[in-house]
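Structural overview for review
Spelled out, the chains give:
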Amino acid sequence: MGSTDLIITGKYGVLNQQKLLNATSNNINNVNTVGFIRKETQTYTSCVDWGVGATYTRRIYDQYVQRQMYSDCSDYNYYKSYAEGLDTTDRLLSDSTMSVANAMSDFFDELSTAASLPTSTANRQAAMAKLDIVVNRFHTANESMFDSLNDVNSRVHDSITEINSLTRSIANINYEIRSMALSDNHVNNEIYLQMLDERDRLTGELSKLMSVKVVEQDDGTYEIYMSTGMLLANGDSYGCLTDKLNDFDSTKRQIYLSYENTEDASRNIANVQLTIDSIGGALGGYLNASKEIRNTMRELGKLAVSFADALNEQNKAGFTLEDKAGEALLKIQSVQGVSSSNSYGITCDFIEGKGENVEAYDFELIFAGGDYKVYKRGKDDTRVDITDELDTTIDKTAIPAEIKFKDDKYGVKFSINASIDTLSSTTRTVFYVKPTVLSASTLSSIISKPEDFAFASAVRTRTGDDNYGNAVISLTSCTATGTNYGVSVDATSHKPVFNTNAPNKIVIQANGDYNVYYKAPSDTTNSIGVLLGTAPASCKGVNVFANTVWNTAHGSGFPGYEVTIAGTVKQNDEFYVEINEKGQADNSNANALTSLRSEKLTKTTGSSQTTTLNEGYANLLALIGSASNSAKTNTEAAEAKYEQTVKMFESNSGVNLDEEATNLLMFQQSYQACAKIIEASQTVFNALIAAF
């Protein structure tokens, strides 16, 4: 090997070591750069190219760990966003100072105090103030949840905007990467390597917002898919998400996916609606949080209706301090539904006295093809056909159409400003009603003065003066008034009166049976009255009317009051039920109002079980609290797994300064050694020149 060969060998050696130094220096400079992946330059020996062959700079990373990191990132951000979306609602409802349950307990406590002095207006005023607090608590809770729902929906919109930016950027980088790969201009190209790093960084950001699957193609591009297989980005097109308000529910966001081309941005595929569970990431977490909040609003509205209806019905079963029949204390607003046609409208009313039947459902009514269907939608938004549960006596020609369920199931009825036959003849008309979503916000107090509390029962009992036995009749309860019951309110005097055939007299038979009669209050003769039915002696006087076999069928709950006869009865003993005139000092209905706190008044949605008001609120807290706590627990677990995967990935792809410093020193020494070769060749060359 001559001096010239030494120079060339040294030259290539220096150039090679310079490449190694450049790679190491680049790693050190980018130790804190987000998304940077460590580079390594490899050199292959060659006896042809002066001892140095081709060099190849590559990124050091484990693609399998990277894919797992994307998956773990999606899971972590899903649970994190889900927990964040529920946090405000959970903290509000569980706060003792804002608790609806505590407010109801305080009201019943104050009501109990007022019942001990039924003629005291001061105690009644205090109970009235506590009732206002209950109403305000319902308002505050529902309105705060509505605000939380709007906040979550805003985050959904912001997430979609960011996702669209990311998919577009990934598709554009894919396009450039493919162009460089096809032109063979990518080997050892720093710009190409930087684009790969940037694409991985963008993919990582996308995985925070959605669940993604990455498939690398032969041309170096990524094809990124949703977990369901829907394409999000490749080298030719990218997905664009849009969020639209549901046609029938302005609080519900629907997500659609379409595609645009990287070259001309032309939209080439129609919108496809995505299901919430297919999205994942932060966007999926926010969408599921909004679904949970909506259901909690329904449950709270159900509780508000149950509370108000029970209170109203019991108050209407009594006398006020002004010796008038009690009226409703709280107003339960009708709910206006949404229609697909501007020509038709629907109203939902809660059936009085059926608050315990109300459940946390939305309802959808579809008229088409000469028929109609009714569906309910609950927490999971699944549509369930309940057409078979409709009342079979519905008049399809009546205007307005009145649609209700058998036995007043669900506690609601619908009114539409057209007949069912007319609606069914349309191509397709859809109505959507959300009875309980905003009921807690629209509940209002209509008690104008403390005297309106009806503490005295509408009826009282009297034992006959000439009875032979020692039995005494007592009023067990008085819970309802109206035309379908024993007592109703006179439109003129506003006082309770007996309806015709109201059971107001009981006569003991020779065999011990209890014959039940109606005797008109205006009948002053000695007539025994009209026989309505008989309760068997085996009932022993307990809940006589509940045990009576009526001669004429009556609805459930008739006659709206109940009596018990305790003691020894003899044949022809008589017992009476009378209108409680001038009974303002009576507190029996006040006690009945107070006892509502322990009555099973609210139905568990999707179940036949009914619970007390406090238990109903506790169930509501359990639903949202369980979801929130589960999300927080899953967030911690997902975060730990994600951090572990990140460490595993960075242990290979991250820059280790100690390692790079060692390499820097080694390559520097190699560089200096190669420079010495050139210096040695120069010395040899000079010696040769000097010899001539």
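Preceding block: the structure.
Residues numbered from 1 in each chain as written. Predicted model: local features only at pLDDT ≥ 70, side-chain atom pairs only at ≥ 80, totals over all residues. Heavy atoms only, no water.

1. A closer look at the overall build of the protein chain
- Across its full length, the protein chain carries eleven helices and 33 strands.
- Summarising its shape, the C-alpha atoms of the protein chain cover approximately 160 × 55 × 45 Å along the three principal directions.
- Looking at the protein chain residue by residue over its 692 residues, the buried ones come to 50%.
- Look at the contacts in the protein chain between residues 6 or more apart in sequence, and 66% of them connect residues 24 or more apart.
- Of the accessible surface of the protein chain, which amounts to about 31,700 Å², a share of 48% is contributed by carbon and sulfur atoms.
- The distance from the centre of the 59 positive side-chain charges to the centre of the 86 negative ones in the protein chain is 2 Å. (Helix = DSSP H or I, 4+ residues; strand = E, 2+ residues; numbered from the N terminus. Buried < 20%, exposed > 50% of the residue type's maximum accessible area, 1.4 Å probe, protein only. Contact = heavy atoms within 4.5 Å. Areas by Shrake-Rupley, 256 points an atom, 1.4 Å probe, with all protein chains shown as cover. Lys, Arg positive; Asp, Glu negative; His and termini not counted. Charge placed at Lys NZ, Arg CZ, Asp CG, Glu CD.)

2. As for the sheet that holds strand 13 (residues 346-350)
- Pairing is antiparallel across the open sheet formed by four strands, whose spatial order is 11-13-18-17. Sheet topology places strand 11 (335-336) and strand 17 (401-404) at the edges, where each strand pairs with a single neighbour.
- One ladder, built from two bridges, connects strand 11 with strand 13; its direction is antiparallel. Paired with V335 across the two strands is C348, which belongs to strand 13. (Pairing = 2+ DSSP bridges.)

3. What about the state of the cysteines?
- According to the stated counting rule, one finds zero disulfides in the structure shown.
- For the unlinked cysteine C478, the closest cysteine sulfur is that of C539, found at 20 Å.
- With relative accessibility at 3%, the residue C478 sits in the buried group. (Disulfide = S-S within 2.5 Å.)

4. Some points on the sheet that holds strand 16 (residues 383-385)
- Across the sheet, five strands lie side by side as 12-19-14-15-16; this open sheet has antiparallel pairing. Sheet topology places strand 12 (338-339) and strand 16 at the edges, where each strand pairs with a single neighbour.
- Both strand 14 (residues 362-368) and strand 15 (residues 371-377) contribute to a ladder of seven bridges, which runs antiparallel. Residue pairing for strand 15: F363 is matched across the bridge by K376.

5. Some thoughts on the pattern of salt bridges
- The full count for this structure, using the stated rule, is 29 salt bridges.
- Between E205 and K208 there is a salt bridge, with its nearest N and O atoms 3.2 Å apart. Here E205 pairs with K208, and both are found in helix 5 (residues 190-209), just three residues apart, close to one helical turn.
- Taking relative accessible area as the criterion, E205 reaches 22% and is therefore assigned partly exposed.
- The class of K208 is partly exposed, set by a relative accessible area of 32%.
- Between D381 and K252 there is a salt bridge, with the nearest N and O atoms lying 3.1 Å from each other. Residue D381 is found in the loop between strand 15 and strand 16, and its partner K252 is found in the loop between strand 6 (237-245) and strand 7 (253-261); the two are separated by 129 residues along the sequence.
- You can call D381 partly exposed: its relative accessible area is 26%. (Salt bridge = Lys/Arg side-chain N within 4 Å of Asp/Glu carboxyl O.)

6. Considering the nonpolar core
- With 92 residues, the main nonpolar core has F138 and F307 as its most contacted residues.
- No other element matches helix 4 (residues 121-182), which puts 20 residues into this core.
- Setting aside its immediate chain neighbours within four residues, F138 contacts V100, L300, L303, A304, F307, A440 and L443. (Core = buried A, V, L, I, M, F, W, Y, C linked by side-chain atoms within 4.5 Å.)

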